[in-house]
Amino acid sequence: MSKRQSSPAFTPSEIPTATGRRDFLRRSAGAASGAFLYGALGHHGAWAAGSDAPEIKEVKIGFIPLTDCASVVMASVLGLDQKYGVKITPTKEASWAGVRDKLVNGDLDFAHVLYGMVYGMHLGVGGPQKDMAVLMTLNRNGQAITLSKKLAEKGAVDAASLAKLMATEKREYTFAQTFPTGTHAMWLYYWLASAGINPIKDAKVITVPPPQMVANMRVGNMDGYCVGEPWGHRAIMDGIGITAVTSQDIWRDHPEKVLGCTGDFANKNPNTARAVMMAVMEAGRWIDASMQNKLKMAETIAAKSYVNTNVDAINQRILGRYQNGLGKTWDDPNHMKFFADGDVNYPYLSDGMWFLTQHKRWGLLKNHPDYLAVAKKINKTELYKQAASQLKVSLPKSDLRTSKLIDGSSWTGADPARYADSFAVKA
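Below: a short report on this structure. For clarity, every value in this text was computed on a predicted model and none was experimentally measured.

1. Regarding the overall build of the chain
Step number 1: The helix and strand tally for the chain stands at 19 helices and 14 strands.
Step number 2: Counting over 427 residues, the chain shows a buried share of 60%.
Step number 3: Partitioning the contacts of the chain with sequence separation of at least 6, the portion at a separation of at least 24 is 78%.
Step number 4: In the structure as shown, the chain presents an accessible area of about 16,000 Å², 50% of it carried by carbon and sulfur atoms.

2. Section: the sheet that holds strand 7 (residues 204-207)
Step number 1: The mixed open sheet is built from five strands, whose spatial order is 7-6-8-5-9. Each edge of the sheet is formed by a strand with only one pairing partner; in this case those strands are strand 7 and strand 9 (241-246). Between one strand axis and the next, the sheet turns by 25° as a mean value, whatever way the strands run.
Step number 2: When strand 6 (residues 174-177) meets strand 7, the two strands line up parallel, connected through four bridges. Across the sheet, residue Gln177 finds its bridge partner in strand 7, namely Thr207.
Step number 3: Here helix 8 (residues 183-194) sits on the sheet and contacts strand 5 (143-148), strand 6, strand 7, strand 8 (224-228) and strand 9; the angle it forms with strand 6, its principal contact strand, is near 145°.

3. Re the side chain of Asp68
Step number 1: Relative to the assigned elements, Asp68 resides in the loop between strand 1 (58-63) and helix 2 (70-77).
Step number 2: We classify Asp68 as buried; its relative accessible area is 0%.
Step number 3: Engagement of the side chain of Asp68 in a polar contact is seen with the side chain of His112, the distance being 2.7 Å.
Step number 4: Once you skip the residues sitting within four places of it in the chain, Asp68 turns out to touch His112, Asn139, Gln143, Glu256, Lys257, Met336 and Phe338.

4. Some words on the layout of surface pockets
Step number 1: Its boundaries defined by the atoms lining it, the largest pocket holds a volume of some 170 Å³.
Step number 2: Taken together, Arg140, Trp251, Arg252, Asp253, Asp343, Tyr348, Arg401, Thr402, Ser403 and Lys404 make up the full set of residues lining the largest pocket.
Step number 3: Looking at the lining of the largest pocket, its residues break down into two nonpolar, two polar and six charged.

5. Details of the nonpolar core
Step number 1: One finds Phe110, Leu162, Trp191 and Trp354 to be the most contacted residues of the largest nonpolar core, which totals 131 residues.
Step number 2: Considering each element in turn, this core owes the most residues, eleven residues, to helix 13 (residues 270-288).

6. So, helix 13
Step number 1: In a regular helix each residue adds 1.5 Å, so 19 residues correspond to 27 Å; helix 13 covers 27 Å between its end C-alpha atoms and thus fits that length.
Step number 2: For helix 13, a buried count of 18 out of 19 residues is recorded, marking the element as mostly surrounded by other parts of the structure.

7. Describing the packing of helix 2 against helix 14 (residues 291-301)
How two helices pack is summed up by the angle between their axes together with the distance between the axes.
Step number 1: Between helix 2 and helix 14, whose axes approach to 11 Å, the crossing angle comes to 90°. Regarding the angle of helix 2 to helix 14, the classification is roughly perpendicular. Residue-level inspection shows Ala70, Val73, Met74 and Val77 of helix 2 in contact with helix 14, the latter providing Met297, Thr300 and Ile301.

8. With respect to the pattern of salt bridges
Step number 1: Enumeration according to the criterion identifies 14 salt bridges in this entry.
Step number 2: A salt bridge links Asp253 to Arg140; the shortest N-O distance between them is 3.4 Å. Taken together, the residues Asp253 in the loop between helix 11 (247-250) and strand 10 (257-262) and Arg140 in the loop between strand 4 (132-137) and strand 5 connect sequence positions 113 residues apart. For the residue pair Asp253 and Arg140, the accessibility class agrees, reading buried in each case.
Step number 3: Between Glu256 and Lys257 there is a salt bridge, with the nearest N and O atoms lying 2.9 Å from each other. The same class applies to Glu256 and to Lys257, which are both buried.

9. A word on the packing of aromatic side chains
Step number 1: Within the structure shown, the criterion is met by 17 aromatic pairs.
Step number 2: Among the aromatic residues, those joined into a cluster by ring pairs are Tyr115, Tyr119, Trp187, Tyr190, Trp251, Trp354, Phe355, Trp411, Tyr419 and Phe423.
Step number 3: Directly above the ring of Trp330 sits Lys328, whose terminal nitrogen or CZ lies 5.0 Å from the centroid.
Step number 4: The aromatic ring of Tyr190 is capped on one face by Arg361, whose charged end is 5.2 Å from the ring centroid.

10. Comments concerning empty space enclosed by the protein
Step number 1: Per the counting criterion, the structure on display carries three cavities of 30 Å³ or more.
Step number 2: Volume-wise, the largest cavity comes out at about 60 Å³.
Step number 3: Looking at the largest cavity, the residues that line it are Thr137, Arg140, Asp253, His254, Pro255, Asp343, Val344, Tyr346, Tyr348, Asp351 and Arg401.
Step number 4: A class-by-class count of the residues in the lining of the largest cavity yields four nonpolar, two polar and five charged.
Step number 5: If you add up the space inside the second largest cavity, you get close to 40 Å³.

11. Topic: unusual backbone geometry
Step number 1: For the peptide bond that leads from Glu229 to Pro230, omega is 15°, which places it in the cis range.
Step number 2: Within the secondary structure layout, Pro230 lies in the loop between strand 8 and helix 10 (231-237).
Step number 3: A positive phi angle, near 50°, is found at Ala340, a position not held by glycine.

About the criteria used
Residues numbered from 1 in each chain as written. Predicted model: local features only at pLDDT ≥ 70, side-chain atom pairs only at ≥ 80, totals over all residues. Heavy atoms only, no water. Helix = DSSP H or I, 4+ residues; strand = E, 2+ residues; numbered from the N terminus. Buried < 20%, exposed > 50% of the residue type's maximum accessible area, 1.4 Å probe, protein only. Contact = heavy atoms within 4.5 Å. Areas by Shrake-Rupley, 256 points an atom, 1.4 Å probe, with all protein chains shown as cover. Pairing = 2+ DSSP bridges. Axes fitted to C-alpha atoms, helices over the stretch in contact; angles between N-to-C directions. Polar contact = N/O pair within 3.5 Å; in protein donor to acceptor, adjacent residues only side chain to side chain. 1 Å grid on protein atoms, 1.4 Å probe; cavity = no way out; pocket = protein on both sides within 12 Å on 5 of 7 lines; lining within 4 Å. Points joined across faces, edges and corners; volume = space filled by probe spheres on them. Nonpolar A, V, L, I, M, F, W, Y, C, P; charged D, E, K, R; others polar. Core = buried A, V, L, I, M, F, W, Y, C linked by side-chain atoms within 4.5 Å. Expected span 1.5 Å × (residues − 1). Parallel < 35°, antiparallel > 145°, perpendicular 65-115°, else oblique. Salt bridge = Lys/Arg side-chain N within 4 Å of Asp/Glu carboxyl O. Phe/Tyr/Trp six-rings, centres within 6.5 Å; stacked < 30°, edge-to-face > 60°. Lys NZ or Arg CZ within 6 Å of the ring centre and 35° of its normal.

Here it is as structure tokens:
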């Protein structure tokens, strides 16, 4: 059976009303996945521990209102969770700090969560120490750094021109990210540093929850911010900001959000974890299967109960249709992906270690950790392989991958301590 499934066409008369959307989406999910889905679910092989029945039947998955919560939301909306023997309740959270606290105290079973935040929690950075687990990568690409229109009018439209303005017009420049150890902080810091701007010494950096970014820029609280969509495109729609760089231009095919939980939960409930992973992976495959599915997803998650924005704020960039707010438009082949024939979802150890190297670079970690040992403990590669094998999703040959970043440096996962110390601009 091919890994890529085509999605059937629907006539205009079949496009759902709001009241019929849930049934329509369930039907289209079944049609998109077809015999593969039902074949895979007809019989589950027994795991080594015995029965593969989920230990917990109903689970809460926290999410922040961002486009990349889509595979978690759609796993529930499409009913894919029930096919794997669990019921997913997506719960909307106000901030990443709230997600952290609810994971630690057990109010959430899983979360759509920042990759670097999971690693920070595991090492006790940015909150109390708690053993954590990364089950799978939810998406890659699709974040952006926005600069205010006021900066753009003074010529600051990219990293080099921003550095020039900051050097000639001296004042305190304020930039926002979404959590100190998270992905957005690391993209922001890396991008600023690539132009010689030290984010720790040359700027003021504040933490703002994603849905509040646009409102804060509107009233002048920051000069720029890094966040996930749709809050980059929303600033352009509202005429208050410009896209200076996309995260995929900082690191093409970078990991972004992950499906995370505590280490205790993963160890005690491996069958539940596998079931949720399979449902979410199947939802990601459904999203990526066609333009029509992406548009249905955008319509669904734009609702007040999820992202709470205009569908137009979501649907353009999810299709790779970008504009920068200064008249430039382009089609980006490296837009946000949720599955990409399974390439997105593997929890590479090198991806996790990269965030640790940046935590060390920026002084969040005082000493070098045992990078590989930490990554092996957090990233549940064996659980992922079991879930992927049930879905017949291909697996990479290595737990490490090679990536090239915006400053020309290559990251392979080899000698992470040397890599962390190699940067000229650091804390």
